Amino acid sequence: MSEPEEDLREEESTKKKKKKEKGSVKKKKKEKREQEEQQQVEEEEEQSECVVLRGIFKLGKKSHDVLLTRTRLTWTPITPETPTGESCVTQSGTVLLQDVFAVKVKRRRAAGKQSGGPVLGMALFCSKRNGKRLEEETLHLHNASAEHTHAWYNKLKELLTAFSRPRFVKVFINPSSHKKEAVHIYREHVAPLFKMADVRTDITVTERKGHALSVMKECKLDEYDGVVCVGGDGSVAELCHAMVLRAQLDAGSPEKPVKQVLPLGIIPAGSTDVVSCSVHGVRDPVTAAMHIVLGHKQLVDMCSFTSLGQLVRFGFSAMFGFGGRSLAKAEKKRWMPSARRREYALVKTLARLRPEDCQLSFLPTKKSNKNLLEHRDQDQDPESEGEESWTTNQGLYLSISVMSIPCLSPHIPQGLAPYSRLANGSASLIAVGNTSRSEFIKHLKRYNSSSGQFSFSFVETHDVSAVRIRPRSVIGGSEEESEEDGDSRTSPIIQSEGAAFPWNIDGELVEIANEVLIRVHPQLITLYGEEVEEAESAVSCSCI
C-alpha cells in the first residue's frame with residue numbers, strides 16, 4: 001500500500017474518531033440540558049403546585065414574601081420598583097423543615113403575666129450546623145394578624161408531626177459521672193431543649209451501679225419513644241447492655257441477641273465519652289440533645305462477651321493486656337482527678353510492661369489491613385458454630401483490642417479503630433505482639449497523630465466477626481489439639497488458679513478468669529446521632 005493511501009486512511013479514521021467524539025459530546029450536552037430542564041420543572045412545581053401557604057411576614061425590619069412547602073420554608077424580600085426600573089439585589093433565605101424542632105406563637109405580654117397578650121408573629125427554632133456541632137438558631141417571623149399567624153402555626157405543627165421524632169422519653173442520669181456534673185448538664189443544656197420541642201420526660205437519677213439495669217427490666221418501655229442516658233461510657237455501657245437484655249426478655253429469646261428497636265440517646269457527661277463521640281463527633285450536650293429532638297437515628301453494631309458459655313455483657317469494645325491492666329491500676333486511684341488518674345495508670349503499667357501468653361483465634365470477615373493468615377472462609381455464617389473455620393495464633397501479646405465502633409475521642413480524633421464503622425457488621429481486631437517498651441511507646445504515640453500506629457512488624461489488624469482469647473493458664477490439653485480445634489465446646493477448659501484477668505470493656509473494669517468469646521451482632525441497637533469519620537480534636541495527652 002502506497003504512502004498517500006495510508007495517509008488517506010489515517011485521515012478517515014481520525015475524522016471518524018472526531019465525529020464520534022463530537023457525537024458523544026452532543027449526547028452529553030443533551031443529557032445535561034434535559035437534567036437541567038427536569039430540575040427546573042421540579043423547582044417550579046415545588047414553588048407553585050406544592051406551596052402549602054404563602055404570606056407576608058417581617059424578618060427584622062423588612063417585609064418578606066414567605067412560601068411554605070411540605071419540606072421547606074423560603075423567604076424573599078419585597079422590594080419596591082425603582083424609578084429607573086433597575087433591579088434590586090435581594091437576599092432570600094431557606095430553612096428545611098427537617099431542621100426545625102419547634103414553632104411557637106410570639107405575644108406581647110405585660111410584666112408578671114404568663115399567658116395572653118396580642119399576637120406578634122411566630123418563632124421557628126432550628127438546628128444550625130457548625131462543623132460537627134449542632135447549634136440552636138431562631139427565625140423570627142413578625143405579623144400582627146392573629147388569624148394569619150395561627151393558620152401558619154397550625155400548618156407548621158402539622159407538617160412537623162410527619163417527622164419521626166420522640167414525644168416521651170425515659171431519662172437516666174448518673175450523678176456520679178466524671179466531675180459529678182451530669183445533673184447540672186441536663187438541667188442547663190438538655191431540659192430547655194426538650195421543653196422547647198415538647199418532649200416529655202420520665203427521669204430516674206441512678207443511685208448505684210446496676211440501678212439502670214434493674215429499672216430497665218421492670219419499666220413499661222412501650223410507653224416511651226426513646227431512652228436517654230446522661231453520663232459517661234460506664235453509664236452508656238450499662239444502659240446499652242440493659243436495653244438488649246430487655247429486648248431478649250420481651251421476645252422470649254434468652255439465648256440469641258434480639259435487636260432493640262427503641263433508640264437510645266447519649267448526653268455526654270463523662271471523662272472520655274467514646275461512644276458519644278463516635279455518634280456525634282463531639283463531646284457537646286447540646287449537639288447530642290439536638291440529635292434526639294430532631295430524631296436522627298443511627299443503627300450500630302454491638303458485641304456479646306461470653307465466658308464458658310455464660311454471657312458476661314453486651315458492649316462495643318474490649319481491651320485485653322495493656323488496656324485492661326492500666327484500667328485496673330486506674331480504678332485503684334479513684335480519688336485522683338480523672339486525667340491525672342489515667343496518666344498515672346499508663347506510666348505505672350508501662351513501667352511493669354509484660355506480655356500475656358495466650359491463644360488468639362478469630363473469624364475474618366473480609367481482607368484485613370495487615371498479616372491476614374491463609375486459613376479463612378469468607379462465606380460462612382458466624383452464627384453457625386459447626387461450620388466455622390477459625391484462624392488461630394499462639395504467642396505473647398502486649399495488647400489485644402476488639403472494637404465494633406471506631407471509638408473516637410477528642411484525644412484520638414480518628415479513633416482507636418479508625419477502620420471500623422458503626423454498622424458494617426464487623427469489628428477491628430488489633431493485636432500487638434511482644435516487643436520492647438520503647439517500640440510499644442512509639443506505637444501508642446502514633447495514635448495521637450492518627451497515622452502509622454499499625455505500621456509496625458509486631459502489630460497486626462484484622463476485620464473479624466468473632467474473636468476468642470484464651471490466656472495460657474486456661475488452655476487445657478496439648479498445644480496441637482488446641483490449634484487444630486477452635487471450638488471451645490470440644491477443647492477442655494481449666495479455670496485459672498490465680499487472679500482473674502482484667503478486661504477493659506467499654507471503659508469498665510471486668511475481671512474474667514477464663515477464655516472470652518466475642519461475637520459481632522450487626523445493627524443490634526439504635527442510637528440517636530449519625531456516623532462521623534472524625535471527632536473534634538482537643539489537646540492530646542502528653543504523659544508518654
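Shown above is the structure to which this text applies.
Conventions used here
- Residues numbered from 1 in each chain as written.
- Predicted model: local features only at pLDDT ≥ 70, side-chain atom pairs only at ≥ 80, totals over all residues.
- Heavy atoms only, no water.
- Helix = DSSP H or I, 4+ residues; strand = E, 2+ residues; numbered from the N terminus.
- Buried < 20%, exposed > 50% of the residue type's maximum accessible area, 1.4 Å probe, protein only.
- Contact = heavy atoms within 4.5 Å.
- Areas by Shrake-Rupley, 256 points an atom, 1.4 Å probe, with all protein chains shown as cover.
- Phe/Tyr/Trp six-rings, centres within 6.5 Å; stacked < 30°, edge-to-face > 60°.
- Lys NZ or Arg CZ within 6 Å of the ring centre and 35° of its normal.
- Pairing = 2+ DSSP bridges.
- Expected span 1.5 Å × (residues − 1).

Hey, could you run me through the overall build of the chain in this one?
When its secondary structure is counted, the chain shows 11 helices and 21 strands. Relative to its 544 residues, the chain shows a buried fraction of 47%. Within the chain, counting contacts between residues at least 6 apart in sequence, those at least 24 apart form 70% of the total. By element, 47% of the accessible surface of the chain is carried by carbon and sulfur atoms, the whole surface being about 28400 Å².

I tried to follow helix H7 (residues 285–293) on my own but got confused; where do I start?
Three or four residues apart is the spacing at which side chains of an α-helix point the same way, because the helix has 3.6 residues per turn. Of all nine residues in H7, eight are buried, a share of seventy percent or more. Within the span of H7, buried status applies to Pro 285, Thr 287, Ala 288, Ala 289, Met 290, His 291, Ile 292 and Val 293. Phi turns positive, to about 75°, at Gly 295, one or two residues after H7.

Please explain the packing of aromatic side chains as it appears in this structure.
Across all of its chains, the model carries 10 aromatic pairs by this definition. A centroid spacing of 6.3 Å and a plane angle of 70° characterise the contact between Tyr 186 and Phe 194, whose relative ring orientation is edge-to-face. The class for Phe 194 is buried, based on a relative accessible area of 1%. Judged by centre distance (5.0 Å) and plane angle (75°), the rings of Phe 322 and Phe 440 are edge-to-face. With Phe 322 in helix H8 (residues 322–331) and Phe 440 in helix H10 (residues 437–449), the pair connects residues that are 118 residues apart, well separated along the chain. Following the ring pairs from residue to residue traces out a cluster consisting of Phe 320, Phe 501 and Trp 503. Positioned above the aromatic ring of Phe 172, the side-chain terminus of Lys 170 is 5.5 Å from the ring centre. Above the plane of the ring of Trp 390 lies Arg 468, whose end atom (NZ or CZ) is 4.1 Å from the centre.

I'm lost on the pairing of strand S15 (residues 356–364) in this one. Help?
Look at any regular strand and the pattern is simple: side chains alternate between the two faces of the sheet. Here S15 lies mainly inside the structure; eight of its nine residues are buried. Taken together, the seven bridges between S15 and strand S16 (residues 391–403) define a ladder with antiparallel strand orientation. The partner of Cys 358 across the bridge, within S16, is Gly 395. Bridge analysis of S15 against strand S18 (residues 459–471) gives seven bridges, and the strand direction is antiparallel. Considered in S18, the bridge of Pro 364 is made with Val 464.

Explanation requested: helix H5 (residues 233–251) in the structure shown.
Taking 1.5 Å as the rise per residue, H5 with 19 residues should run 27 Å; its terminal C-alpha atoms sit 27 Å apart, in good agreement. With respect to burial, H5 is a largely interior element, 14 of its 19 residues being buried.

Whenever I open this one, the pairing of strand S19 (residues 501–505) confuses me. Can you help?
Of all five residues that make up S19, five are buried, and the element is covered over most of its length. Of the two faces of S19, the one lined by Phe 501, Trp 503 and Ile 505 and the one lined by Pro 502 and Asn 504 are each fully buried. The sheet contact formed by strand S14 (residues 317–321) and S19 spans three bridges and is antiparallel. The residue of S19 that forms the bridge with Ala 318 is Ile 505. Linkage of S19 to strand S20 (residues 508–512), two consecutive antiparallel strands, is achieved through a turn of two residues, within which Asp 506 is found at a positive phi near 55°.

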